Amino acid sequence: MNTLESKQTGLNTDLYWKPEAVKVADGTEQSLKQADFFALLTEQLANQDPTKPVNNDQLVAQMTSFTMADGISQLNTKFGDFAASMTSSQALQASSLIGQNVLVTGNIGHMSEPGQGVTGVIINEETSQDTKIAIQNSQGEVVRTMNIGTLAAGNVQFNWDGTDQDGNPLPAGDYAIQVQGDVLGEPTSLPTAINRHVDSVSLTGAGQGVILNLDGDVSIKLDDVIQIGN
């Protein structure tokens, strides 16, 4: 190869441009840290008008405002960490409820197996005469009626064995518990609370806290539990 060819084919690496790595913005460059604040404050003092220096009160006000804003930001961060820790702790405690029964306000009971039965509490504020419990299936049909007579005021436990009027076990499913009695001479519907079995526990991310998943595909908040166990 002659000199001309060498000059034509020779590569001058100094002429090549090498791209620099581009930093991906992560949002941190948008926040003003303490060092940035004092750097700006130093520049402000260095470039102030000698005839109109920064007033001490203004300087203190600026420093106080930044300190408060920085403190609130740190407090929010710590509170968020605390809330997450508390929710995780609640979930861990609630996991011990799996496999147990919890008493929940309502009138719907669930039988996972035929003839399993339903238990609960009748919430009676006044003495009730001629009190009756009617059991309805998911089609609204009354499959069992129980006469329990006079009930004193207070929470009275009841127990249905899961059978129909003839003593035959009824199939698994949801059943409504309707309680009526005469209160002060007037026919009155009495509220109830039902024992439900806890199948699993969920931890939500929408601020709802701990969720208990009950038998029969029903979910409730942990705060809705009245009593644990029968």
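Above this text is the structure in question.
Source: prediction; values computed, not measured.

(A) Broad picture of the layout of surface pockets. Volume-wise, the largest pocket comes out at about 230 Å³. Along its surface, the largest pocket is lined by 14 residues, and Asn101, His110, Gln116, Gly117 and Asn195 are the ones closest to its centre. At the level of elements, β2 (108-111), β3 (118-124) and β9 (192-203) are the ones that each hand at least two residues to the lining of the largest pocket. With 4 residues, β9 is the largest single contributor of residues to the lining of the largest pocket. Grouping the amino acids of the lining of the largest pocket by side-chain chemistry returns 1 nonpolar, 10 polar and 3 charged.

(B) Fine view of the side chain of threonine 131. Tracing the chain through its elements places threonine 131 in strand β4 (residues 128-136). Threonine 131 sits in the buried class, given a relative accessible area of 0%. Only 2.7 Å separates the side chain of threonine 131 from the side chain of serine 128, close enough to count as a polar contact. Those residues within four positions of threonine 131 in sequence are excluded, and the remaining contacts are Met146, Asn147, Ile148, Gly149, Leu151, Val179, Gln180, Gly181 and Leu190.

(C) Looking closely at the nonpolar core. Grouped together as the largest cluster of nonpolar side chains are 17 residues, with contacts concentrated most on Ile122, Ile133, Ile135, Trp160, Tyr175 and Ile177. Looking at this core, the elements that each hand over two or more residues are β3, β4, β5 (142-151), β6 (154-160) and β7 (173-183). Among the elements that line this core, the one with the most residues is β7, at 4 residues. Ranked by size, the runner-up nonpolar core spans 10 residues in total, among them Val102, Val104, Leu214 and Val225.

(D) Focus on the pattern of salt bridges. All told, the structure shown has 3 salt bridges when counted by the stated rule. Between aspartate 130 and lysine 132 there is a salt bridge; the shortest N-O distance is 3.0 Å. Assessed through its relative accessible area of 45%, aspartate 130 is described here as partly exposed. Residue aspartate 215 pairs with arginine 196 through a salt bridge whose shortest N-O separation is 3.0 Å.

(E) Up close: the pairing of β5. Where β4 meets β5, 7 bridges bridge the pair, whose relative direction is antiparallel. The residue of β5 that forms the bridge with threonine 131 is glycine 149. Counting the residues between successive antiparallel strands, the hairpin from β4 to β5 contains 5 residues, one of them, glycine 140, with a positive phi of roughly 85°.

(F) Highlighting the pairing of β7. With 4 bridges connecting them, β2 and β7 associate as antiparallel partners. By the bridge assignment, glycine 109 is partnered in β7 with tyrosine 175. In this sheet, strand β8 (residues 186-190) lies alongside β7 in antiparallel orientation, the contact comprising 5 bridges. Within β8, the residue paired with glutamine 180 across the bridge is serine 189. The hairpin turn running from β7 into β8, its antiparallel successor, is 2 residues long, and leucine 184 in that turn takes a positive phi close to 55°.

(G) Representation of the packing of aromatic side chains within the structure. Under the criterion given, the structure shown has 1 aromatic pair. With 5.2 Å between their ring centres and 65° between their planes, tryptophan 160 and tyrosine 175 make a pair best called edge-to-face. Within this pair, whereas tryptophan 160 is found in strand β6, its partner tyrosine 175 is found in strand β7, the two being separated by 15 residues in sequence. Comparing tryptophan 160 with tyrosine 175, the two get one shared label, buried.

Reading the values: the criteria
- Residues numbered from 1 in each chain as written.
- Predicted model: local features only at pLDDT ≥ 70, side-chain atom pairs only at ≥ 80, totals over all residues.
- Heavy atoms only, no water.
- 1 Å grid on protein atoms, 1.4 Å probe; cavity = no way out; pocket = protein on both sides within 12 Å on 5 of 7 lines; lining within 4 Å.
- Points joined across faces, edges and corners; volume = space filled by probe spheres on them.
- Helix = DSSP H or I, 4+ residues; strand = E, 2+ residues; numbered from the N terminus.
- Nonpolar A, V, L, I, M, F, W, Y, C, P; charged D, E, K, R; others polar.
- Buried < 20%, exposed > 50% of the residue type's maximum accessible area, 1.4 Å probe, protein only.
- Polar contact = N/O pair within 3.5 Å; in protein donor to acceptor, adjacent residues only side chain to side chain.
- Contact = heavy atoms within 4.5 Å.
- Core = buried A, V, L, I, M, F, W, Y, C linked by side-chain atoms within 4.5 Å.
- Salt bridge = Lys/Arg side-chain N within 4 Å of Asp/Glu carboxyl O.
- Pairing = 2+ DSSP bridges.
- Phe/Tyr/Trp six-rings, centres within 6.5 Å; stacked < 30°, edge-to-face > 60°.

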